[in-house]
Amino acid sequence: MESLSTGKEVLVQVHDLSVTYHTRLGPLSAVNGVSFDIYRGEILGLVGESGCGKSTLGKALMRMIAPPAEISGGRIIFDNEDIMTYDEEQMRDFRGRRVSMIFQDPLTSLNPVQRVDEHIIEAIQVHEPTTPISAALERARTLIQTLGIRENRLRDYPHQLSGGMRQRVMVGLGLVLNADLIVADEATTSLDVIVEAKLLDEFKRLRDEFNLAILLITHNIALVAQIADRIAVMYAGQMAEIGDVVTVFDDPRHPYTDGLLRSVPNVKLDEREVLYKMGGEPPNLTHPPAGCRFHPRCPLAMPICSLKEPQLLPVRGDASHLAHCWLQQPQPVDEEGAA
Amino acid sequence: MRVIDPTDNLVEVRDLTKWFPVQQGLLAQVFGGKQRFVHAVDGVSFEIRRGEVFGLAGESGSGKTTIGRVVVGLTPPTSGTVTFDGIDLSTLGSAGLRSLRKSMQVIFQDPMASLNPRMSLGRSIGYGLEIHNPEMDAEARRAAVVEMLERVGLAPANYFYNKFPHQTSGGQRQRAAIARALITRPELVLADEPIAMADVSVRALLLDLMNELKRDLSLTYLFITHDLATAKYICDRVGVMYLGMMAEVADLRELYTHPLHPYSQALLAAVPVPDPHQRRTQPMPEGEIPNPINPPSGCRFHPRCPIAGSICRTEVPTYRALRPDHWVACHYAERYLPSGD
C-alpha cells in the first residue's frame, strides 16, 4: 500500500482508534479517535506530557490493552491486514514476530534467571518451532554482534549487563525475528545521556540496515529532533499535530506544539535563553473540556474552540502536515457555534 | 542581581572522600580477604560561593548525590572536611548539626517521597518551624506557612493549606516541597534533581520559581543534575563529576564554550539538542561508567577516553586551574585551550 501524499509505503494504518479505561469515576477516554500512519522504515516520534495517552496508544498497536481498559473503537491495519479481527493465537504470533516492544525498564522485561542467548533462542523457537537450536544459536551470535555487544556476553544473565546493553538485548529480541516495527516506549529514559546517545545511534543504524520502522514514544522532544523523520504530538488523548520533523519544528501549527517546543531546554548557550512557560495543566479525562480539549490552556483560543471540536486536517493543503486546530481550518458559518 | 564575591565561600569542601563498605556474605566474611568499598567520592575539593547556584553534573554513579548528602551533614565523610560558613561540620555534635540544618535545607527529586502522605501540605510545611522555631505560636506559624504557600505560587493559600499530597498535581507537590525547604529561611538549599520528574511544561515554571526565590530570599543553591541543558537555566558555576572525582569546574558559560576535559566534552555533546537542523554527528565514548568498587587506575576516565595516553593509565591527573577560575583534572587538557591562551 502506498500513501498517496508521500509515495512512501504505509506499514501501519491506525484509523479512529479509541481506548477507554473504565474507572470508578466513569469511563475515561485515554485515546480518543486517533488516526495516523506509520511508514515502513521510518522513525516516528510520539510525544506529549504524561497522561496524554502516548503509552496507551503504543500498547494498543499490539492490542496489549487489558481490563479495566479496552479498545473501544477503530481499526489497526498492519501490512494490509486488519489485526482487530485476529484471534488470540494470531495475535500471539503477531506480537514479537511483526511488532516488538521495548519498555523503560529492561529488567522487568528480561527474565532474571535466563541468559541472554536463552532469551534469543526462546524467541526464535516460539515463533519458528522448526528452527533447530544450533541455527538459532548461530543467529543469536550474529545478532548480538550487530548490536555492538561482545559475543562472550551471550552467557550472561540480565543483572550482569549494563543498562544500555539490556536495552540492546531487548532491541535484539525484536530484530531476530525480523520485526517490521519496534515500539520503543521511553526506552532510553532511564539511561545516562551518553549511553542514550549511543542507543539512538544504534536505532538509526538498524533502521537503515533493516528498513525497520520505529515508533519512538518519549517525553523528551529533543530526542525526536535528533533522530525522528516525523513527529506526532498528542494532547489529552488526541493527536494535536503530525508532520515531518523539520516542518513541525520550524513551523508548528498547533498552539500546544508551539508551546511545548518553546519550553524545551536547549544546551546551546545562545539559543532559547528564556523558556516558554505554558500555563495550566492537562485536563482530567473523565470530564474533558468541550470543543477543543486544549482550549482552556490555549493562548489563541477563539469562541468556537470551546464549542466545537476541530478535525485533524492538512495545514494549507499539505497532506503530510496535519493539525487539530481551528486556526488551521475554516470555521463553520451557518451553525450556532459559529464565531 | 546580587553580585557574587568570588572570595566569599559559604561552603568549602576539601579532599572529601566517602567510601561505603560492600555488604559481604557470611562465607566471605569468615574466609574472605579484605573488606571491599564502593568509592563513591574520592578526594573532591570545591567551594560554593555565597549567593551562587553551584551545579554538580554527571552520570548516575558519579557520586554527585553523595557529595550533596555530605555537604548538608546527612552523612559523615570518610575523610576530608566540609566547612559551612566557617564552621567545620565534623566539629559539631548531633545537636549542633540539627540547629545548623535550619540553615541547610534539601529539595529532593520525588515530592511524593518527601511529603508525608498523611499530613496536609500546610502541616508538612509548618513542621520545620515546629522543630526549629519552637517559640513560635500556632497562629504565627500558620501565617508564615500561608505566606510561603503564596510565594511558591500555591494560591489561594488557604485552599492548598488543607490539601493532602495525593489531592494535588506533581507540579503543585514539588512547589510544596520547595516551600517546606524554605520555611526555615535557610542560607543553603541542596536541590537534588528537583525537576527531573516534572513534565517539560512544568519544568520551565519550577526553574523560574527557583530563580525567583533565590533572588528574593538571598539563597545559595547546590543544584545536582544529570542534565546539562537544564543546568544552563539556573547554574552560575558547574562541576562535572566522573566516578567519584571532580573532572572539571568552571563558570557555566566558560565550561559550555571551552570544556577542557574530554569527559565534559562528551557529556555536553551527548545532550540532545531540540533542533532537527543540529543533529549530532560526533561519536560517543566507548562503554559505560565502570564499577566504583574497583575504579580504573590513573585517570578514571582513561578506558573510555578518546585521547588517553600511557600516563593516563598510571598517574592520577593533578586538579589544576588552566584558565582563570577554570579547574580541570586531565593530563592533556592543555591541548584544548583556546588559541591565544
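Owing to the predicted nature of the structure, the values given are computational and were not obtained by experimental measurement.

Peer 1: Could you clarify how one ought to interpret the overall build of chain B in this entry?
Peer 2: Each helix and strand in chain B was counted, giving 13 helices and twelve strands. Here the C-alpha radius of gyration of chain B, 21 Å, is about what a compact globule of 341 residues would show, namely 20 Å. When the backbone C-alpha atoms are referred to their principal axes, chain B occupies close to 70 × 60 × 40 Å. Sequence separation of at least 24 residues holds for 67% of the intrachain contacts in chain B that already meet a minimum separation of 6.

Peer 1: Got a minute to help me understand the overall build of chain A in this structure?
Peer 2: Regarding its fold elements, chain A presents ten helices and twelve strands. In terms of principal-axis extent, the alpha carbons of chain A reach across some 70 × 50 × 45 Å. In chain A, which comprises 339 residues, the proportion classed as buried is 45%. The contacts in chain A between residues at least 6 apart in sequence include a share of 64% that link residues at least 24 apart.

Peer 1: Explanation requested: the nonpolar core in the structure shown.
Peer 2: The nonpolar side chains of a soluble globular protein tend to be buried with one another. In this structure, L181, V183, L215 and L216 of chain A together with L222 and F223 of chain B are the most contacted members of the largest nonpolar core, which totals 190 residues. Apart from the residues within four sequence positions on either side, V183 of chain A is in contact with G58, L61, M62, V99, M101, L215 and I217 of chain A.

Peer 1: Could you clarify how one ought to interpret the interface of chain A and chain B in this entry?
Peer 2: Contacts between chain A and chain B engage 35 residues on the former and 35 residues on the latter. Elements with a contribution of two residues or more to the side of chain A that touches chain B: α7 (193-210), α8 (221-227), α9 (245-250) and α10 (255-262) of chain A. Looking at the side of chain A that touches chain B residue by residue, the class counts come to 20 nonpolar, nine polar and six charged.

Peer 1: What is the right way to read the confidence of the model for chain B from this model?
Peer 2: Low-confidence regions, as indicated by low pLDDT, have predicted coordinates that should not be scrutinised in detail. Residues and elements named next belong to chain B. Overall, the prediction assigns chain B a mean pLDDT of 91, with 98% of residues at 70 or greater. Averaged pLDDT values over the elements of chain B bottom out at 71 in helix α1 (residues 26-31) and peak at 97 in strand β3 (residues 53-57). Reported confidences for the modelled complex are a pTM of 0.89 and an ipTM of 0.87.

Peer 1: Quick question: what am I supposed to make of the pairing of strand β6 (residues 104-107) of chain B here?
Peer 2: The side chains of a regular strand alternate, first on one face of the sheet and then on the other. Residue and element names in this part refer to chain B. Alternating positions in β6 separate into two faces, M104 and V106 on one and Q105 and I107 on the other, with burial throughout. In the sheet, β6 pairs with strand β7 (residues 188-192) via four bridges, with the strands oriented parallel. Paired with I107 across the strands is A191, a residue of β7.

Peer 1: Would you mind going over the sheet that holds strand β10 (residues 238-244) of chain A with me for this structure?
Peer 2: Whether parallel or antiparallel, the strands of a sheet pair through hydrogen bonds between backbone atoms. All names here are of chain A. One open sheet holds the eight strands; their spatial order is β6-β7-β8-β3-β9-β10-β12-β11, and the pairing between them is mixed. If you trace the sheet from one side to the other, it starts and ends with β6 (99-102) and β11 (312-315), each paired once. The sheet shows a mean angle of 25 degrees between the axes of neighbouring strands, direction not considered. As paired strands, strand β9 (residues 230-235) and β10 are joined by six bridges and run antiparallel to one another. In the strand pairing of β10, I231 is matched with G243. In this fold α10 packs onto β9 and β10, with an angle of close to 105 degrees to the strand it touches most, β9.

Peer 1: I would appreciate a short explanation of the packing of helix α4 (residues 116-127) of chain A against helix α6 (residues 163-175) of chain A in the present structure.
Peer 2: Each packed pair of helices is defined by two parameters, the angle between the axes and the distance between the axes. Residue and element names in this part refer to chain A. Contact pair α4 / α6: the axes reach a minimum separation of 9 Å and the direction vectors enclose 20 degrees. Taken as axis vectors, α4 and α6 run roughly parallel relative to one another. Note that α4 runs across α6; the crossing there is right-handed. Contact residues: α4 offers V116, H119, I120 and A123, while α6 offers V169, G172 and L173. Broken down by class, the residue content of the contact of α4 with α6 amounts to five nonpolar, two polar and no charged.

Conventions adopted
Residues numbered from 1 in each chain as written. Chains lettered and ligands numbered in written order. Predicted model: local features only at pLDDT ≥ 70, side-chain atom pairs only at ≥ 80, totals over all residues. Helix = DSSP H or I, 4+ residues; strand = E, 2+ residues; numbered from the N terminus. Rg over C-alpha atoms; globule rule 2.2 N^0.38 Å. Contact = placed C-beta atoms within 7 Å. Buried ≥ 20, exposed ≤ 12 C-beta atoms within 10 Å, placed from the backbone. Core = buried A, V, L, I, M, F, W, Y, C linked by C-beta atoms within 7 Å. Nonpolar A, V, L, I, M, F, W, Y, C, P; charged D, E, K, R; others polar. pLDDT = per-residue confidence, 0-100. Pairing = 2+ DSSP bridges. Axes fitted to C-alpha atoms, helices over the stretch in contact; angles between N-to-C directions. Parallel < 35°, antiparallel > 145°, perpendicular 65-115°, else oblique. Left-handed = near helix turned anticlockwise from the far one by under 90°.

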